[in-house]
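Descriptive structure summary
Okay, here's what each chain looks like letter by letter:
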Amino acid sequence: MQVDLQRCMKVAKHAAKEAGKIIKSLQHESKTTLSRKDDKSPVTAADKEAEQKIRSIIAKNFPLHGIIGEEFPPLRGRSNYTWIGDAIDGTWSYLNGEKTVATSLALCVKRHAAWNVLLSIIYNPFTNEMYTAGEGFQPKVNNKLLKTRAENKPGKTIVNFQITRSQQSDIAKLYELWRNKKIDKLISTGGSISYNFAKIAEGVQSSYILNAKNPLELWDSLAGMYLVKSVGGKVTTVAGKDFEQEKKSRTLIASKNNSQHQQILSLLAEINFGKEQ
């Protein structure tokens, strides 16, 4: 059974915005509802309420579709379509009162044991930025087209890194590249993984280096990876191999275009990034 992707996009954007209302309204009391999951990661009442809102909207409009989210058990669908997302991506930043938080949502079908994304939505309720991409859709932020720059020259190297504190030696190596002027600007915005992907797709930074504490889950990266690739960007391992979500990796590199990606991979190889001395 074919799905109406135009309708799916409309519903997904509505679900993200409704979740965003909950996220904004509950931020001031998030610390009072904080608890820890088995993996020690934080969860708040807002995480659960926002995900419930998304699930209810999707279930009402697409009762045969499956749903996979971070806070509740998967809902097995009766069709080939599954929605995968995270209501609050960047919970620690949310708790700190920061605005680098996003809702990510992807409509997927599973083919040959791999998830194939049909639609991608990333929404920051605090900045009101809505990033969208999908089959038959041009990648946009709100109503503005995201430029595709698949083969641009490298240009300035502006690198955003999000690296677990146990890898302090890798962070030091990156700053050594910056001190030697091989990286023009080095920042660490933290927060939502999907929102950081969106900033690569938008061209705000040239590359994003992620080394997470725990293996990445489907809801962490599917929507963001798809958005980056939709503008001609690259997402790989440090070794330059295709990043395979199903292998539960903790490290990935994303860049706006191939030239910038090859440039950052070469620099990371130069400093033996990811390899203990």
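Below is a short write-up of the structure. (Residues numbered from 1 in each chain as written. Predicted model: local features only at pLDDT ≥ 70, side-chain atom pairs only at ≥ 80, totals over all residues. Heavy atoms only, no water.)

Our focus in this paragraph is the sheet that holds strand β9 (residues 144-145). With mixed pairing, 7 strands are arranged side by side in an open sheet as β3-β4-β5-β6-β7-β8-β9. Edge positions in the open sheet fall to β3 (66-69) and β9, since each of these has one partner strand only. Sheet topology note: the strand β8 (residues 137-141)/β9 ladder contains 2 bridges and is antiparallel. Its bridge partner lying in β9, V141 is registered against K144. On the sheet, helix α5 (residues 193-202) packs against β4 (81-89), β5 (102-111), β6 (114-124), β7 (129-134) and β8 and is oriented at approximately 75° with respect to β7. Here helix α6 (residues 218-230) sits on the sheet in contact with β3, β4, β5, β6, β7 and β8, set at roughly 90° to β6. (Pairing = 2+ DSSP bridges. Helix = DSSP H or I, 4+ residues; strand = E, 2+ residues; numbered from the N terminus. Contact = heavy atoms within 4.5 Å. Axes fitted to C-alpha atoms, helices over the stretch in contact; angles between N-to-C directions.)

A few words now on the pattern of salt bridges. By the definition in use, this model includes 7 salt bridges. Put simply, E51 and R55 hold a salt bridge, and the shortest N to O gap is 2.9 Å. Of this pair, E51 and R55 both sit in helix α2 (residues 45-61), 4 residues apart, which is roughly one turn of the helix. In terms of burial, E51 and R55 fall into one category: buried. (Salt bridge = Lys/Arg side-chain N within 4 Å of Asp/Glu carboxyl O. Buried < 20%, exposed > 50% of the residue type's maximum accessible area, 1.4 Å probe, protein only.)

In this section: the packing of α5 against α6. It is the contact of α5 with α6, at a shortest axis distance of 8 Å, that shows an interaxial angle of 5°. Between α5 and α6, the angle is such that the two are roughly parallel. Touching I193, S194, F197, A198, I200 and A201 of α5 are D220, S221, G224, M225, L227 and V228, all from α6. When the residues that make up the contact of α5 with α6 are grouped by side-chain class, the tally is 8 nonpolar, 3 polar and 1 charged. (Parallel < 35°, antiparallel > 145°, perpendicular 65-115°, else oblique. Nonpolar A, V, L, I, M, F, W, Y, C, P; charged D, E, K, R; others polar.)

What follows concerns empty space enclosed by the protein. On inspection of all chains with the given rule, the structure shows 1 cavity of 30 Å³ or more. Approximately 70 Å³ is the volume found for the largest cavity. Residue lining of the largest cavity: 13 residues in total, with E51, I54, I67, G85 and L105 positioned closest to the centre. Counting residues per element, the ones that place at least two in the lining of the largest cavity are α2, β3 and β4. Of all the elements, β4 adds the most residues to the lining of the largest cavity, at 5 residues. Of the residues that constitute the lining of the largest cavity, the class distribution is 8 nonpolar, 2 polar and 3 charged. (1 Å grid on protein atoms, 1.4 Å probe; cavity = no way out; pocket = protein on both sides within 12 Å on 5 of 7 lines; lining within 4 Å. Points joined across faces, edges and corners; volume = space filled by probe spheres on them.)

Looking at soluble globular proteins, one finds that nonpolar side chains tend to be buried together. Core analysis: the biggest nonpolar cluster contains 34 residues, and I84, Y131, F197, L227 and V235 have the highest contact counts within it. Top contributing element to this core by residue count: α6, with 7 residues. Excluding residues that lie within four positions of it along the chain, I84 makes contacts with I68, S104, L105, A106, C108, W115, L218, W219 and L222. Residues A15, A46, W83 and I88 belong to the second largest nonpolar core, which totals 33 residues. (Core = buried A, V, L, I, M, F, W, Y, C linked by side-chain atoms within 4.5 Å.)

Right, let's get into α5. Counting buried positions along α5 gives 9 out of 10 residues, so the element sits mostly inside the fold. Residues of α5 that are buried include every one of I193, S194, Y195, N196, F197, A198, K199, I200 and A201, and no others. Of the residues one or two after α5, G203 is the one with positive phi, at around 85°.

What follows is about helix α4 (residues 168-179). Given a rise of 1.5 Å per residue, 12 residues ought to cover 16 Å, and the 16 Å separating the end C-alpha atoms of α4 matches this to within 8%. Among the residues of α4, those classed as buried are D170, I171, K173, L174 and L177. Buried residues of α4, viewed axially, fall in a sector of 160°; they line one side. The inward-facing, buried residues of α4 abut β10 (158-163), β11 (185-187), β12 (207-211) and α7 (258-270). (Expected span 1.5 Å × (residues − 1). Arc of directions from axis to C-beta.)

The buried fraction of β6 is high, at 9 of 11 residues. In this structure, β5 lies alongside β6, joined through 9 bridges in antiparallel fashion. Counterpart to L105 in the pairing with β6 is I121. Connecting the antiparallel pair β5 and β6 is a turn made up of 2 residues, with H112 showing a positive phi of about 55°. Connecting the antiparallel pair β6 and β7 is a turn made up of 4 residues, with N128 showing a positive phi of about 60°.

It is worth spelling out the layout of surface pockets at this point. Sizing a probe to match a water molecule and rolling it over the atoms shows the empty space that remains. One number sums up the size of the largest pocket: a volume of about 1,200 Å³. Elements represented by at least two residues in the lining of the largest pocket include exactly β4, α3 (91-95), β10, β12 and α6.

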